Amino acid sequence: MAIIQGNDFGIIRKSAGGLTFRRVGDQIIVSQKITQNKSHTPKQVACRNEFATLSVIAKKLKPLVDIGFDPKDSGSHHNAFLHSNSDLRNYLRTQRIAKNQHPPLYYLYKALEDPMFMGHIVCSRGTLNAEANIWLDEEYYPEGMVVLSKDFKFGDRLHLFIIGVYEGKDEFVTMMNTFETVIKPEPPFWQLTTDVFYINRETMPELCPILTGFSTFELIGGVAAAVVLSGKERASSYFSLLNAIDAVYV
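The residue count restarts for each chain, going from 1 along the sequence in the order it is written. This being a predicted model, a pLDDT of at least 70 is required before a residue's local features are given, and a value of 80 or more before pairs of side-chain atoms are given or counted; all residues contribute to the totals for chains, interfaces and linings. Each side-chain value is worked out from all heavy atoms of the structure, with water and hydrogens disregarded.

**Details of the packing of aromatic side chains**
Selection criterion: When two rings of Phe, Tyr or Trp (its six-membered ring) have centres within 6.5 Å they constitute a pair, described as stacked for plane angles under 30 degrees, edge-to-face for angles over 60, and tilted for the intermediate range. Numbered from the N terminus, helices here are DSSP runs of H or I no shorter than four residues, and strands are runs of E no shorter than two. Here's how the labels work: a residue is buried when its accessible area is under 20% of the maximum for its type, exposed when over 50%, partly exposed in between, all with a 1.4 Å probe on protein chains only.
Under the counting rule described, the total for this entry stands at six aromatic pairs. Ring geometry for Tyr 106 against Phe 172: centres 4.7 Å apart, planes inclined by 35°, an arrangement best described as tilted. With Tyr 106 in helix H6 (residues 106–113) and Phe 172 in strand E9 (residues 171–182), this pair connects stretches of sequence that are 66 residues apart. With relative accessibility at 10%, the residue Tyr 106 sits in the buried group. A residue is classified by how much of its surface remains accessible, and Phe 172, at 18% relative accessible area, is buried. On the basis of an interplanar angle of 50° and a centroid distance of 5.9 Å, the ring pair of Phe 152 and Phe 197 is categorised as tilted.

Next comes the structure, spelled out in structure tokens:
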């Protein structure tokens, strides 16, 4: 690194060749451009791993991320998801994440199931608030309720995401199911005048059973997310744990 008086190089700034220039007061600081990060302390490696994993999670959740986040402040839907999920990023920093060890979406389930995780995983960010409680009925159809911070109205859209986690012999896989409904002035919505939307096969006819097993894998749990769009407004909401083992609720 070298320090050059400002009047020696005029208004030079940014970078040239292998050098980087930055102005500090009347001085210009010249340093060698970093083209490769060779730092390998455990803390540095953990930071790179958790950021890379969170970024892949955002990519896997692209259908949700694209409708759940506003890119205005962060430049993209992807970045908005990353900036909103510091709790998950900090949790990933505590995990020993090896390449290809677990599918990325598995860590959503692992975090929510872990009693040491005290934060939230944000699935949408907006001016309203919504809280979802989702489970599976006796035939493994999604069921539950979404409570909104204002009354639902005709034209509101509800996007439901169910991510199943499946375990095989020393291996996990994940599968995401997406469902969508628009609240219309027709049955069964005639009496919809409250802040609660009940998710069932009547209000969302497109629901289908969550696959309970395939090949040598069995469903062990999962996570759910509900994104509510009301006109130009969006509701902030969190991922919740889906109990796929005790699937019958009273």
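**Digging into the pattern of salt bridges**
Note the threshold: Salt bridge, as used here, is a side-chain nitrogen of Lys or Arg placed within 4 Å of a carboxyl oxygen of Asp or Glu.
What the rule picks out here adds up to four salt bridges. For Arg 201, the salt bridge is made with Asp 137, and the minimal N-O distance between the two is 2.8 Å. Taken as a pair, Arg 201 in the loop between strand E10 (196–199) and strand E11 (213–214) and Asp 137 in the loop between strand E6 (128–136) and strand E7 (142–148) lie far apart in primary sequence, 64 residues in all. Arg 157 serves as the salt-bridge partner of Glu 180, at 2.1 Å between the closest nitrogen and oxygen. Separated by 23 residues along the polypeptide, Glu 180 in strand E9 and Arg 157 in strand E8 (residues 157–168) bring together distant segments of the chain. Judged by its relative accessible area of 33%, Arg 157 falls in the partly exposed class. Residues joined by salt bridges that share partners form a network here, namely Asp 137, Glu 139 and Arg 201.

**Brief notes about the nonpolar core**
What counts is decided by this rule: Among buried residues, the Ala, Val, Leu, Ile, Met, Phe, Trp, Tyr and Cys ones that are joined through side-chain atoms within 4.5 Å form a nonpolar core. Whether two residues touch is decided by their heavy atoms; if any such pair falls within 4.5 Å, the residues are in contact.
Among the nonpolar cores identified, the biggest contains 32 residues, and Ile 57, Leu 61, Leu 64, Phe 81, Leu 88, Leu 108 and Phe 239 are the most heavily contacted of them. Secondary structure elements with two or more residues in this core: helix H2 (42–60), helix H3 (62–68), helix H4 (77–84), helix H5 (86–93), H6, strand E5 (122–124), E8 and strand E12 (217–230). In contact with Leu 61, other than residues within four places in its own chain, are Phe 81, Leu 105, Leu 108, Ile 163, Met 176 and Phe 239.

**Remarks on the environment of Ile 199**
Examined against the element boundaries, Ile 199 turns out to sit in strand E10. Ile 199 sits in the buried class, given a relative accessible area of 1%. Put simply, Ile 199 and Ile 134 are 65 residues apart on the chain and 8.2 Å apart in space, counted from C-alpha to C-alpha.

**Considering the pairing of strand E13 (residues 233–238)**
The following threshold applies: Strand pairing follows a simple DSSP-based rule, namely that at least 2 bridges must link the two strands.
Taken together, the two bridges between E5 and E13 define a ladder with antiparallel strand orientation. Among the inter-strand pairings, Ser 124 is bridged to a residue of E13, identified as Ser 237. Of the pairings in the sheet, the one linking E6 to E13 comprises two bridges and is parallel in character. What sits directly across from Asn 129, in E13, is Ser 236. One ladder, built from two bridges, connects E12 with E13; its direction is antiparallel. Across the sheet, residue Leu 229 finds its bridge partner in E13, namely Arg 234. The turn joining E12 and E13, which pair antiparallel and follow one another in sequence, is formed by two residues; a positive phi near 60° is taken by Gly 231.

As far as function goes, none of this settles anything; it's purely spatial.
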